[in-house]
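These are the residues of each chain, in order.
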Amino acid sequence: MAKIFCVANQKGGVGKTTTSVNLAAGLAKIGQRVLLVDLDPQGNATMGAGINKAELEATVYQVLLGLADVKSTRKHSETGKFDVLPANRELAGAEVEMVELEQREKRLKNALAEVEAEYDFMLIDCPPALSMLTLNGLCAAHGVIIPMQCEYYALEGLSDLVNTIKIVHAKLNPDLKIIGLLRVMFDPRVTLSQQVSAQLEQHFGDKVFKAIIPRNVRLAEAPSYGMPGVVFDPSSKGAQAYVAFGTEMVERIKSM
Ligand code: ATP
Ligand code: MG
């Protein structure tokens, strides 16, 4: 059965999609069967996996509304060697349309059950909001990966996210836990980054992943070629860090 993880942080532009796409490709590289779920109307994970979001007959939107199933909607990322349940701007409508539906926060969970046996991992790239879409991600997952930049305001938003996860754990999904905090876009020359990083370790102990993703321009360039960074330039520092992170994830969940 697949282990399902949400990559979530309600702050925008903190590296959720870069983490989802590169972790998916990093896990595929070490022989894992992966489904990447794009749960963001921006469709960045879809594009980053080399799938054109403008040319899709169906997306996760139809899946959430019960109009299509995962098997007929998923695509294969030729560059990343993993499957993708794609998204595009159509998904923005789902927030409102789901309000009417039964068990609206469990729509994704129920849809993914159909293919759970086909994968080792499912990774869900969440949008930058604590919305009904993110709630669907949290209800479907066994754990949350929280990418964060080591800057002052990062800690402020973190407590809202941690509270939301606690509430979902208590009321909707007892399986849910925080797998770890991932430091991304890290620049060791910045003193504040080092301070915030040390604070994170102090507060969250071994919930902070050992792998640290550096700020690396190759990771930012890769999406415009429709490739995960770990495939686009495997020798880059950013790619190597994501592969190390993938290996750490596999180790960490053995004890789950
Ligand atoms: P959103 O909240 O809009 O979904 P996000 O949290 O998914 O954003 P990304 O899209 O992954 O964040 O990253 C934001 C920007 O930072 C992108 O342009 C991405 O290419 C760049 N970026 C992410 N990680 C790195 C890194 N380690 N080094 C350099 N650039 C990075
Ligand atoms: Mg994103």
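These notes cover the structure that comes with them.

Thresholds applied
- Residues numbered from 1 in each chain as written.
- Chains lettered and ligands numbered in written order.
- Predicted model: local features only at pLDDT ≥ 70, side-chain atom pairs only at ≥ 80, totals over all residues.
- Heavy atoms only, no water.
- Disulfide = S-S within 2.5 Å.
- Helix = DSSP H or I, 4+ residues; strand = E, 2+ residues; numbered from the N terminus.
- Buried < 20%, exposed > 50% of the residue type's maximum accessible area, 1.4 Å probe, protein only.
- Lys, Arg positive; Asp, Glu negative; His and termini not counted.
- Salt bridge = Lys/Arg side-chain N within 4 Å of Asp/Glu carboxyl O.
- Contact = heavy atoms within 4.5 Å.

The subject of this paragraph is the state of the cysteines. According to the stated counting rule, one finds zero disulfides in the structure shown. A disulfide-free cysteine, C139 has its sulfur positioned 9.1 Å from the sulfur of C6, the nearest such atom.

This brings us to the side chain of K106. Looking at where K106 falls in the secondary structure, it is placed in the loop between α5 (94–97) and α6 (107–112). We note that K106 is buried and unpaired, the nearest opposite charge coming from E105 at a distance of 5.0 Å. With near-sequence residues (within four places) excluded, K106 lies in contact with N136 and L172.

What follows covers unusual backbone geometry. Trans peptide bonds make up the majority, and among non-glycine residues the majority have a negative phi. Even without being glycine, K81 reaches a positive phi, approximately 65°. Checked against the element boundaries, K81 lands in the loop between β3 (75–77) and β4 (82–85). Classification of K81 by relative accessible area gives exposed; the value is 54%. Within the chain, Q103 stands out as a residue other than glycine whose phi angle is a positive 45°.

All right, on to the pattern of salt bridges then. This structure, assessed with the given rule, holds nine salt bridges. Ionic pairing is found between R189 and D187, a salt bridge with its closest N-O pair at 3.1 Å. Take R189: its relative accessible area is 73%, and that puts it in the exposed class. Taking the shortest distance from any N to any O, the salt bridge between E221 and R218 comes out at 2.7 Å. Pair noted here: E221 and R218 are both in helix α10 (residues 217–221), with a separation of three residues, about one helical turn. The class for R218 is partly exposed, based on a relative accessible area of 30%. A network of salt bridges, in which partner residues are shared, links K71, R74 and E118.

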